[in-house]
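Descriptive structure summary
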Amino acid sequence: MQRRPRRNRNSPQIRDLVQETRLSVAQLVLPIFLEDGSDVRKKIPSLPGTYRLSVDQALVEIEECIGLGLDKFILFPAVAEALKDQMASYSHAAENYYLEAVRQIKRRFPNVMLISDVAMDPYSSDGHDGIVLDGQVLNDETLPVLAKMAVAQAEAGFDIIAPSDMMDGRVGVIREALDLAGFQSVPIMSYTAKYASAFYGPFRDALDSAPKAGDKKTYQMNPANKRTSLIEGDLDLQEGADFLMVKPAVHYLDIIHLMKESFDLPIAAYHVSGECAMLMAACNNGWLDYQTAMPEVLTSIARAGADVIITYFAKDFAKMSV
Ligand code: PBG
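One structure accompanies this document, and this report is about it. (Residues numbered from 1 in each chain as written. Predicted model: local features only at pLDDT ≥ 70, side-chain atom pairs only at ≥ 80, totals over all residues. Heavy atoms only, no water.)

1. Focus on the overall build of the protein
Selection criterion: Helix numbers and strand numbers start at the N terminus; a helix is a DSSP run of H or I with at least 4 residues, a strand a run of E with at least 2. Radius of gyration here is computed from C-alpha atoms only, and the compact-globule reference equals 2.2 Å multiplied by the residue count raised to the power 0.38. The buried label goes to any residue with under 20% of its type's maximum accessible area, the exposed label to any with over 50%, and the partly exposed label to all in between, with areas taken from a 1.4 Å probe on protein chains only. Contacts are assigned to residue pairs that have any heavy atoms within 4.5 Å of one another. Methods summary: accessible areas were calculated by the Shrake-Rupley approach with a probe of 1.4 Å, and residue burial reflects only the protein chains presented. The convention is simple: Lys and Arg are positive, Asp and Glu are negative, and His and the chain ends are not counted. Every charge is mapped onto a representative atom, which is NZ of Lys, CZ of Arg, CG of Asp or CD of Glu.
Helix and strand counts for the protein stand at 11 helices and 12 strands. Whereas a compact globule of 322 residues would reach a radius of gyration of roughly 20 Å, the protein reaches 20 Å, a difference of no more than 12%. The burial tally for the protein puts 54% of its 322 residues in the buried class. A separation of at least 24 residues holds for 73% of the contacts in the protein among residues at least 6 apart in sequence. Here the protein displays about 14,600 Å² of accessible surface, and carbon together with sulfur accounts for 51% of that area. Within the protein, one finds 32 positive and 43 negative side-chain charges whose respective centroids are separated by 10 Å.

2. A word on the site of the ligand
Condition: We define proximity as follows: a residue is near a molecule or strand when any one of its heavy atoms falls within 4 Å of that partner. Polar contact is the term for a pair of N or O atoms within 3.5 Å; when the atoms are in protein, one must be able to donate a hydrogen and the other to accept it, and sequence-neighboring residues count only if both atoms are side-chain atoms.
Taken together, 19 residues are adjacent to the ligand, and K194, R204, K247, S273 and Y312 come closest. A distance of 3.1 Å separates a nitrogen atom of the ligand from a polar atom in the side chain of D121. Interatomic distance of 2.7 Å between a side-chain N/O atom of K216 and an oxygen atom of the ligand. Contact with the protein chains removes 100% of the 400 Å² of surface that the ligand exposes when unbound.

3. Re the packing of aromatic side chains
What counts here: Whether two aromatic rings pair depends on their centres lying within 6.5 Å, for rings of Phe, Tyr and Trp, where Trp uses its six-membered ring; planes under 30 degrees apart make the pair stacked, over 60 edge-to-face, and the rest tilted. Our definition puts a charge over a ring when NZ of Lys or CZ of Arg is within 6 Å of the ring centre and also within 35 degrees of the ring normal.
In the structure shown here, the tally under the stated rule is 11 aromatic pairs. Measuring from centroid to centroid gives 5.8 Å for F33 and F76, while their planes differ by 40°, and the two rings are tilted. Residue F33 is located in strand 1 (residues 28–34), and its partner F76 is located in strand 4 (residues 72–77); the two are separated by 43 residues in the primary sequence. On the accessibility criterion, F33 (0% relative accessible area) is buried. Taken together, F33, F76, Y191, F203, Y270 and Y312 form an aromatic cluster joined through their ring pairs. Stacked on the ring of Y270, the Lys or Arg K247 has its end atom at 5.1 Å from the ring centre.

4. What about a positive patch on the surface?
How we decide: Patch building starts from residues that exceed 30% relative accessible area and form no salt bridge, then joins like charges within 9 Å and nonpolar side chains (Val, Leu, Ile, Met, Phe, Trp, Tyr) within 5 Å. Counted as salt bridges are all cases of a side-chain nitrogen of Lys or Arg within 4 Å of a carboxyl oxygen of Asp or Glu.
On the surface, R3, R4, R6, R7 and R9 cluster together to form a positively charged patch. Tracing the sequence through the fold places R7 in the segment before helix 1 (12–17).

5. Let's talk about unusual backbone geometry
P248 follows K247 through a cis peptide bond whose omega is -10°. Along the chain, P248 turns up in the loop between strand 10 (243–247) and helix 8 (253–262). Non-glycine residue D134 carries a positive phi angle of around 50°. With respect to the helices, strands and loops of the structure, D134 is situated in the loop between strand 6 (131–133) and strand 7 (136–138). Overall, D134 belongs to the exposed group, its relative accessible area being 74%.

6. Some thoughts on the packing of helix 8 against helix 10 (residues 290–304)
For clarity, the threshold we go by: Convention adopted: a line fitted to C-alpha atoms gives each axis, helices being fitted over their contacting stretch, and angles between N-to-C directions are expressed from 0 to 180 degrees. The nonpolar class holds Ala, Val, Leu, Ile, Met, Phe, Trp, Tyr, Cys and Pro. Asp, Glu, Lys and Arg form the charged class, and all remaining residues, Gly among them, are polar.
Interhelical geometry of helix 8 versus helix 10 gives an angle of 35° and a closest axis separation of 8 Å. The residues of helix 10 that touch helix 8, namely those facing L253, I256 and H257, are S300, I301 and A304. Taken together, the residues of the contact of helix 8 with helix 10 break down into 4 nonpolar, 2 polar and no charged.

7. With respect to the side chain of K194
Mapping K194 onto the fold places it in strand 9 (residues 189–194). In this structure, K194 is buried with no salt-bridge partner, the nearest side chain bearing the opposite charge being D129 at 4.1 Å.

8. Topic: the pattern of salt bridges
Side chains carrying opposite charge are able to pair once their charged atoms draw close together. By the definition in use, this model includes 20 salt bridges. Measuring nitrogen to oxygen at the nearest pair gives 3.4 Å for the salt bridge that ties E61 to K315. Taken together, the positions of E61 in helix 2 (residues 55–67) and K315 in helix 11 (residues 314–321) put the pair 254 residues apart, joining distant regions of the chain. Since its relative accessible area comes to 11%, E61 is described here as buried. Take K315: its relative accessible area is 11%, and that puts it in the buried class.

9. Considerations on the environment of L68
Tracing the chain through its elements places L68 in the loop between helix 2 and strand 4. The contact partners of L68, leaving out residues within four places of it in the chain, are K315, A318, K319 and V322.

10. Things to note about helix 7 (residues 228–239)
The line we're drawing: Helices are assigned an expected span. That span is 1.5 Å times one less than the residue count.
Along its 12 residues, helix 7 runs 17 Å from first to last C-alpha, staying within 8% of the 16 Å computed at 1.5 Å per residue. Buried residues along helix 7 sit in contact with helix 5 (170–180), strand 9, strand 10 and helix 8. Directly after helix 7, the chain includes G240, whose backbone phi takes a positive value near 105°.

11. Notes on the pairing of strand 1
The criterion, for reference: Strands are labelled as partners when DSSP assigns at least two bridges between them.
Across the 7 residues of strand 1, 7 count as buried, placing the element largely inside the fold. Burial along strand 1 is two-sided: L28, L30, I32 and L34 facing one way and V29, P31 and F33 facing the other are all buried. As defined by bridge partners, strand 1 adjoins strand 12 (residues 308–311) across 2 bridges and the pair is classed as parallel. Pairing of V29 across the sheet is with I310, part of strand 12. In the sheet, strand 1 pairs with strand 3 (residues 51–53) via 2 bridges, with the strands oriented parallel.

The values reported here are purely geometric and, on their own, carry no functional implication.
Given below as structure tokens:
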């Protein structure tokens, strides 16, 4: 035999030498679910290991993460039902606790990087990402709401604005609004190829944000489609996005790969709640080994081409890396 691929797997050292993908804590982002109040630390039953936290508890969590070398977070607000309305007006209200939370986090830890999701669903009485009228999710009417929300988030101190709503034209409108408000240097991480996936269930449990009627198929992408991600990517690029995101991640590795090959912007992947919950369930049953299966999954996402990975496992991976 002339060719023996096993020679390059002889020892830990040689395997290390030829390793192609090196996952680093530097590329991970941890989602944090917030709730108004203090001393709140509520388990999310469908997502073991993840909690709904009040700001004081979030500060404790962030401090722990910083100690592990993890300093990038994406925040999501749980909003009381009474504060929700058709126009998601609480999303940019002066008394919004989520915006206040960011100010507090930034005051305490000026160097952490905070991403904010832009979409109406946590604030909408309809549980949709846009304005609902007669059962339709309106596109153009939703854009100014998203722009207002984005500017309010940038003003509060978020470092990156991440529109997840899938309305047409949102990146351009948000870019223009941010620039007009003096936030030319705040990047947009667009949820570019966001699919109408069944894997967002635990997230919607965490925020009580599920649609009250219907589904999200008129705005989120059909899981059976691949080339649509190129149309979305082209538009986001033209409209000024700084990152392109694929969501979910593990079941969409082909899309991550395609986006990486097709665009020169950094590619982010959102390893979503249902994907993490699946693995957790198997591990908690003793069917899979968390310590080896979890890093293998994250490595697969990076190998497919993701530069940035948003994952509920970020803290656990950071623990394993110190
Ligand atoms: C809001 C949003 C969702 C997720 C991120 N941003 C839910 C949805 O679109 O229904 C899902 C993230 C996850 O499942 O971890 N639009």
